[in-house]
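# Chain and residue survey
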Amino acid sequence: MKTIYLDNNATTCVAPEVLDAMMPYFTEKWGNPSSIHSFGGRVKRDVERAREQVAALLNAEPSEIVFTSCGSESDNMAIRGAVEAANGKIGIITTRVEHPAVLGICRYLGSRGCRVTELPVDSLGRLDMAALDQALTDGGRAVVSTMWANNETGVIFPIAKIAEKAKAAGCVMHTDAVQAVGKIPIDLRKVPVDMLSLSGHKLHAPKGVGALFVRRGTRVNPLIFGGHQEGGRRAGTENVPYIIGLGRACELAMKNMQEERTRVAAMRDRLEKGILETCPDARVNGDRDNRLPNTLNVSFEYVEGEAILLMLNDLGICASSGSACTSGSLEPSHVMRAMGVPFTAAHGSIRFSFSRYNTEEDVDYVLQNLPGIIRKLRELSPFAAKGNAMPAGGRK
Ligand SMILES: *Cc1c(COP(=O)(O)O)cnc(C)c1O
């Protein structure tokens, strides 16, 4: 059976060019970049070239790129490191729709005495800028951390505007740009963020490598102490093959972004239009005018997202639910809840996320099968008759 992969916000395949670039570092080029001898030194030169490739995609300086093990590590280092370097300022401002990597470290620091504000969003997933202004009037904030683009809905925050406000209030500004990097242009000469997280496996490099952009002069403590790698900002012998892969992936993203954005958005838009035309009571979640080009989050009223996903899975279609299933109780995702998506719709939310490797045939295949799936599930649903509320709380 063929696989139609439409879950690229969860992870992407490694690009063949990326794998090719990595292979020599598992075989003949296995030196340690910190070594004195030239066998290691040659590898160091290649790591520095990868740093240049990552920096180029962001329009940053290579010296501002710190390689990490993943997007989660980058997020943790940025937020914890900024708070610890901030000399007594212990406030954190973030949003309700962040990835768990950001919410997790913020809530941990909250449990250790930091004052954490999670800003609300509106029904389209747009940040409440008045709430940001209000939170910034409190002088004890060390760091503002808001994502560039949301992983569930694709909604893009006005990062330049947020960063200007945060900087004017004397805060360090961090953005989790894991979903944005490689999909939309990012110019860090124009957008005054101090730190930016990215992750390899969301842009066709392997899982287990990431980077944190740290603007020159930003005060941030390390998360991992030890050797002097990464300019003393992140100890541990470099994951050389993966760093090389990340560099190549960034180079590919830069070269192909314009063409891919248009092509991917056209496929996404055709799927969206087809679904809205063929499935009654479907609704798109998130600001359609300000989204990543590859992401579609759509709800089907009165149908369980998990049931849809299982039936899609039987046809070889990989998509994702907006709701996380935890031990038998199905809670709508924190993003859907923050947006106030009605309970009946939040439970049926499905995310389709494209990459450069999807084809028009993928869209055709989904459109051939999805309307029938929704019809069948609605027939089975005891709640499908309009006006019948679904029961609240955890259900099996
Ligand atoms: C995937 C993702 C992360 C985590 O990256 P990992 O490399 O998997 O740790 C963080 N933030 C966002 C928005 C993501 O989509």
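Data block above holds the structure.
This write-up is about the structure you can find in this document. (Residues numbered from 1 in each chain as written. Predicted model: local features only at pLDDT ≥ 70, side-chain atom pairs only at ≥ 80, totals over all residues. Heavy atoms only, no water.)

## Quick word on the overall build of the chain
To keep it simple, the criterion reads: Numbering of helices and strands starts at the N terminus; helices are DSSP runs of H or I of at least 4 residues and strands are runs of E of at least 2. Computation of the radius of gyration draws on C-alpha atoms alone. For the globule rule, the value is 2.2 Å times the number of residues to the power 0.38. Under the scheme applied here, a residue whose accessible area is under 20% of the maximum for its type counts as buried, over 50% as exposed, and between as partly exposed, the area being computed with a 1.4 Å probe on protein chains only. Here, two residues are considered to be in contact whenever any of their heavy atoms come within 4.5 Å of each other. In this description, accessible areas are obtained by the Shrake-Rupley approach with a 1.4 Å probe, and a residue is regarded as covered only by the protein chains that are shown. Positive charges are assigned to Lys and Arg, negative charges to Asp and Glu, while His and the chain termini are left out of the count. Charge placement uses NZ in Lys and CZ in Arg. For Asp and Glu, CG and CD serve respectively.
In terms of regular secondary structure, the chain is built from 11 helices and 15 strands. Taken over C-alpha atoms, the radius of gyration comes to 22 Å for the chain, in line with the 21 Å a tight globule of 396 residues would show. Its C-alpha atoms give the chain principal-axis dimensions of about 70 × 50 × 35 Å. By the burial criterion, 56% of the 396 residues in the chain qualify as buried. Counting only contacts in the chain whose residues sit at least 6 apart along the sequence, the fraction spanning at least 24 positions is 73%. Carbon together with sulfur atoms contributes 54% to the accessible area of the chain, which is approximately 16400 Å² in total. Across the chain, the 47 positively charged side chains and the 44 negatively charged ones have centroids separated by 3 Å.

## Overview of the sheet that holds strand β2 (residues 65-68)
Applied cut-off: By this definition, two strands are paired if DSSP reports at least two bridges between them. Helix axes use the C-alpha atoms of the stretch in contact, all axes being lines fitted to C-alpha atoms, and the angles between their N-to-C directions lie in the range 0 to 180 degrees.
Taken in spatial order, the 7 strands line up as β2-β8-β7-β6-β5-β3-β4 in an open sheet, and their pairing is mixed. The open sheet is flanked by β2 and β4 (115-119), the only strands paired with a single partner. Each adjacent strand pair in this sheet contributes to an overall mean axis angle of 20 degrees, direction not counted. Judged from the 3 bridges that link them, strand β5 (residues 141-145) and strand β6 (residues 172-176) form a sheet pairing that is parallel.

## A word on the packing of helix α5 (residues 129-136) against helix α6 (residues 159-168)
Applicable threshold: Reported orientations rely on four angle classes, namely roughly parallel under 35 degrees, roughly antiparallel over 145, roughly perpendicular from 65 to 115, and oblique for the rest. Handedness of a crossing is defined here by the sense of rotation of the near helix relative to the far one, left-handed for an anticlockwise turn of less than a right angle and right-handed for a clockwise turn. Under the scheme applied here, ten amino acids are nonpolar (Ala, Val, Leu, Ile, Met, Phe, Trp, Tyr, Cys and Pro), four are charged (Asp, Glu, Lys and Arg), and all others, including Gly, are polar.
The interhelical angle for the contact between α5 and α6, taken along N-to-C directions, is 15 degrees, at an axis separation of 10 Å. Between α5 and α6, the angle falls in the class roughly parallel. Considering how the two elements wind past one another, α5 and α6 form a crossing that is right-handed. From α5, M129, L132, D133 and L136 reach across to α6, where they touch K161, I162, K165 and A166. Grouping the amino acids of the contact of α5 with α6 by side-chain chemistry returns 5 nonpolar, no polar and 3 charged.

## Things to note about the sheet that holds strand β12 (residues 320-321)
Across the sheet, 4 strands lie side by side as β9-β10-β15-β12; this open sheet has antiparallel pairing. The open sheet terminates on both sides in strands that have one partner only, identified here as β9 (282-284) and β12. Examined bridge by bridge, β9 and strand β10 (residues 295-300) share 3 bridges and lie antiparallel to one another. Along β10, the bridge assignment pairs A282 with F300. In the packing of helix α8 (residues 305-314) onto the sheet, the strands contacted are β10, β12 and β15 (349-353), and the crossing angle to β15 comes to about 45 degrees.

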